[in-house]
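Observations on chain architecture
Listed below, chain by chain, are the residues.
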Amino acid sequence: MISVNDFKTGLTIEVDGGIWRVLDFQHVKPGKGAAFVRSKLKNLRTGAVQEKTFRAGEKVAKAQIDNRKMQYLYANGDQHVFMDVESYDQIELSASVIEYELKFLKENMEVHIMMYQSETLGVELPNTVVLEVTETEPGIKGDTASGGTKPAVMETGLTVQVPFFVNQGDRLIINTAEASYVSRA
């Protein structure tokens, strides 16, 4: 058990039968009444984000999440196969479970798989990935003064807004949290 006063961003807890990750929290001490903790939680099973308020000092169960380093191998229909890099065990995840993460996954890419007891919760992506541009309008020389952007389709099918100077075949660093352009690779 852990006190809500000890919340940290990224902490995983068990509340109301769900496994939640703390995205944000704020300790509030109003002038009148008892102190409380306002938090923003993400359900690791469903992906839903919810705001929840706890009384100060309230206890919640800490969820022990294991992050296993795995390599994305291939897609087999609706199933996606990952292999443990140490034991070579393979697991399959449904496309519906990792719908957002599929926009960034390439074959042979190493990721962390979140496990709670024997249940697979999902894929934890690195902060950034390098992807190649497969389709975009050609850049026009001198077209950077305005600082505008254009859409570019990456090798995984993800569409990202990029600066005008980016061309087809360029390798770009993409932020996985916001699905946004960072820089050229």
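To start, this report covers the structure provided alongside it. The model shown is predicted, which means the values in this text are computed figures rather than measured ones.

Looking now at the overall build of the chain. In terms of helices and strands, the chain carries 0 helices and 16 strands. Computed over the C-alpha atoms, the radius of gyration of the chain is 21 Å, more than 25% above the 16 Å expected from 2.2 N^0.38 for a compact globule of 185 residues. With respect to the three principal axes, the spread of C-alpha positions in the chain is 60 × 50 × 25 Å. Out of the 185 residues belonging to the chain, those deemed buried represent 36%. Total accessible area on the chain is roughly 10,800 Å²; 46% of this is exposed by carbon and sulfur atoms. Where the 20 positive side-chain charges of the chain centre and where its 25 negative ones centre are 10 Å apart.

Turning our eyes to something else, we now look at the nonpolar core. Core analysis: the biggest nonpolar cluster contains 25 residues, and F82, L105, V111, I113, V123, M154 and I174 have the highest contact counts within it. Elements with a contribution of two residues or more to this core: strand 7 (65-76), strand 9 (90-94), strand 10 (110-116), strand 12 (128-136), strand 13 (149-154), strand 14 (159-163) and strand 15 (171-175). Every residue in contact with F82, bar those within four places of it in the chain, is listed here: M70, Q71, Y72, D89, Q90, I91, L93, I98, L105, V111, I113 and V123. Counting residues in each nonpolar core, the second largest holds 12 residues, with V4, F7, V37 and V60 among its members.

Alignment of strand 2 (residues 12-15) against strand 3 (residues 18-28), held across 4 bridges, turns out to be antiparallel. By the bridge assignment, E14 is partnered in strand 3 with I19. Taken together, strand 2 and the strand that follows it, strand 3, pair antiparallel across an intervening segment of 2 residues, in which D16 is found at a positive phi of about 50°. Of the strand pairs in this sheet, strand 3 and strand 4 (residues 36-43) are connected by 8 bridges, and their pairing is antiparallel. Paired with F25 across the two strands is S39, which belongs to strand 4.

A separate point is the pairing of strand 4. Burial along strand 4 is one-sided: the residues V37, S39, L41 and N43 are buried and none of F36, R38, K40 and K42 is. Hairpin connection from strand 4 to strand 5 (residues 49-55): 5 residues lie between these consecutive antiparallel strands, with G47 at a positive phi of about 85°.

A few words now on the environment of A61. Mapped onto the elements of the fold, A61 is located in strand 6 (residues 59-62). Exposure remark for A61: the relative accessible area of 24% places this residue in the partly exposed category. In this structure, the C-alpha to C-alpha distance between A61 and S183, residues 122 residues apart in sequence, is 41 Å. Look past the residues within four positions of A61 in its chain and what remains in contact with it is M1, I13 and E14.

With that settled, the discussion passes to the pattern of salt bridges. Under the criterion given, the structure shown has 7 salt bridges. Between K69 and E110 there is a salt bridge, with the nearest N and O atoms lying 3.4 Å from each other. Highlighted residues: K69 in strand 7 and E110 in strand 10, separated in sequence by 41 residues. By relative accessible area, K69 is classed as partly exposed at 41%. A salt bridge links E155 to K106; the nearest nitrogen and oxygen atoms lie 3.8 Å apart. Placement of E155 in the loop between strand 13 and strand 14 and of K106 in the loop between strand 9 and strand 10 is noted, with a sequence separation of 49 residues between them. Judged by its relative accessible area of 38%, E155 falls in the partly exposed class. When its relative accessible area of 24% is taken as the criterion, K106 is described as partly exposed.

What counts and what doesn't
Residues numbered from 1 in each chain as written. Predicted model: local features only at pLDDT ≥ 70, side-chain atom pairs only at ≥ 80, totals over all residues. Heavy atoms only, no water. Helix = DSSP H or I, 4+ residues; strand = E, 2+ residues; numbered from the N terminus. Rg over C-alpha atoms; globule rule 2.2 N^0.38 Å. Buried < 20%, exposed > 50% of the residue type's maximum accessible area, 1.4 Å probe, protein only. Areas by Shrake-Rupley, 256 points an atom, 1.4 Å probe, with all protein chains shown as cover. Lys, Arg positive; Asp, Glu negative; His and termini not counted. Charge placed at Lys NZ, Arg CZ, Asp CG, Glu CD. Core = buried A, V, L, I, M, F, W, Y, C linked by side-chain atoms within 4.5 Å. Contact = heavy atoms within 4.5 Å. Pairing = 2+ DSSP bridges. Salt bridge = Lys/Arg side-chain N within 4 Å of Asp/Glu carboxyl O.

Everything listed is a geometric property; what it means functionally is a separate question.
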